[in-house]
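What follows is the residue order along each chain.
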Amino acid sequence: METEKIISEYFAHVPQAVFERAKSIKVLITDIDGVMTDGGIIYDDLGTEYKKYDVKDGLIVQHLRKAKILVGAITGRTSQVVENRCEELKFDFHYHGVKDKGKKLAEVLQIMEVAVEEVAYIGDDLIDLPILANVGLAVSPADALPYVKMHAHYVSPFSGGKGVFREVADILLHSKGQLIPLIETLSKKEL
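The following refers to the structure shown. In this convention, every chain numbers its residues from 1, walking through the sequence in written order. Side-chain atom pairs in this predicted model are given and counted only at pLDDT of 80 or more, local residue features only at pLDDT of at least 70, and totals for whole chains, interfaces and linings cover all residues. Side-chain numbers here rest on the full set of heavy atoms in the structure, without hydrogens or water.

**Focus on a nonpolar patch on the surface**
Here's step 1: Among the surface-exposed residues, L126, L145, Y147 and M150 lie close enough to one another that they form a single nonpolar patch of about 400 Å² accessible area.
Here's step 2: Within the secondary structure, L145 sits in the loop between strand 7 (137-140) and helix 8 (146-149).
Here's step 3: Only protein chains enter the accessibility calculation, which uses a 1.4 Å probe; a residue whose area is less than 20% of its type maximum is buried, one above 50% is exposed, and one in between is partly exposed. Take L145: its relative accessible area is 31%, and that puts it in the partly exposed class. Patch membership is restricted to residues that have no salt bridge and whose relative accessible area is over 30%. Joining uses 9 Å for like charges and 5 Å for the nonpolar side chains Val, Leu, Ile, Met, Phe, Trp and Tyr. Accessible surface area values rest on a Shrake-Rupley calculation with a 1.4 Å probe, where residue burial reflects the displayed protein chains alone. We define a salt bridge as a contact between a side-chain nitrogen of Lys or Arg and a carboxyl oxygen of Asp or Glu at a distance within 4 Å. Here a strand is any run of E in DSSP of at least two residues, a helix any run of H or I of at least four, and the numbering for each starts at the N terminus.

Spelled out as structure tokens, the structure:
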């Protein structure tokens, strides 16, 4: 009962229409810079690139996959750091250096035999609009550009690199009735 109350409070700001859209989602695709990270890029004197990720965003990927929700990334930049993170999280697919994200989404849908309405996408910038404008559930982080947010079904109160991916994953799991059972299973006292 306590878990249900906490989850109810956690999602109090999320419109019911978002949960309705989330019920049919089979694939969660994310941008990386500005969604999984805060959008900052740090280079050292040798040109080595550094990025900061929120570990809670990464932790939920395994539970999405167990729930039969595929997870992928379509990102406009090519970065070994990003490729490494996608591999570490065991994303089902990840494409880097993509300049036409709408075209890449069409290719992904054809390969996976998934309808565009069954895709959720998280994006924050102009390059994401061709996907955001077409998918079943379009989400933007709180710090996305205003003209990008206007194309989202849902604007998260969380910023890029600060939990937006985790919130969307939790919404997907909850819409399918799997978040509360997951929490209760993992929190059973066995000692």
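Anyway, onward from the coordinates.
**What to know about the nonpolar core**
Within soluble globular proteins, side chains that are nonpolar tend to cluster in buried spots.
Here's step 1: Here, nonpolar core means buried Ala, Val, Leu, Ile, Met, Phe, Trp, Tyr and Cys residues that are tied together by side-chain atoms lying within 4.5 Å of each other. Of all hydrophobic cores here, the largest spans 38 residues; its most connected members are L28, L64, F165 and L172.
Here's step 2: Contributing elements (two or more residues each) for this core: helix 2 (16-22), helix 4 (61-66), strand 4 (70-74), helix 5 (80-88), strand 6 (119-122), strand 7, helix 9 (164-175) and helix 10 (179-186).
Here's step 3: With seven residues, helix 9 is the single largest residue contributor to this core.
Here's step 4: What makes two residues a contact is simply this: any of their non-hydrogen atoms within 4.5 Å. If we ignore the near neighbours within four places in the chain, the residues touching L28 are L64, I69, L70, V71, G72, A120, I122, F165, V168 and L172.
Here's step 5: Within the second largest apolar cluster, 17 residues are counted, among which are I29, L109, Y121 and L129.

**A look at the environment of K101**
Here's step 1: Positionally, K101 belongs in helix 6 (residues 101-112).
Here's step 2: The exposure class of K101 is buried, given its relative accessible area of 1%.
Here's step 3: Taking the C-alpha atoms as reference points, K101 and P130, separated by 29 residues in sequence, lie 6.5 Å from one another.
Here's step 4: Only 3.0 Å separates the side chain of K101 from the side chain of D31, close enough to count as a polar contact. We define a polar contact as two N or O atoms separated by no more than 3.5 Å, with the added condition that, inside protein, one atom must be a possible hydrogen donor and the other a possible acceptor, whereas residues neighbouring each other in sequence contribute only through side-chain atom pairs.

**Some points on the pairing of strand 6**
Here's step 1: Neither face of strand 6 is left uncovered, since the one carrying V119 and Y121 and the one carrying A120 and I122 both have all their residues buried.
Here's step 2: For strand 1 (residues 27-30) and strand 6, the ladder comprises four bridges, and the chain directions are parallel. The residue of strand 6 that forms the bridge with T30 is I122. Strands were regarded as paired on the criterion that DSSP finds at least two bridges between them.

**With respect to the layout of surface pockets**
Here's step 1: Method remark: on a 1 Å grid restricted to protein atoms, a set of points is classed as a cavity if a 1.4 Å probe fits but cannot get out and as a pocket if it is open with protein on both sides within 12 Å along at least five of seven lines; lining residues have an atom within 4 Å of a point. Grid points are joined across faces, edges and corners, and a volume is the space filled by probe spheres set on the points. In this structure, the largest pocket spans a volume of roughly 250 Å³.
Here's step 2: Partitioned by chemical class, the residues of the lining of the largest pocket number four nonpolar, four polar and nine charged. Residues are grouped as follows: Ala, Val, Leu, Ile, Met, Phe, Trp, Tyr, Cys and Pro are nonpolar; Asp, Glu, Lys and Arg are charged; every other residue, Gly included, is polar.

**Some details on the environment of L145**
Here's step 1: As for L145 and R21, which are separated by 124 residues in sequence, their C-alpha atoms are 23 Å apart.
Here's step 2: Every residue in contact with L145, bar those within four places of it in the chain, is listed here: D124 and D125.

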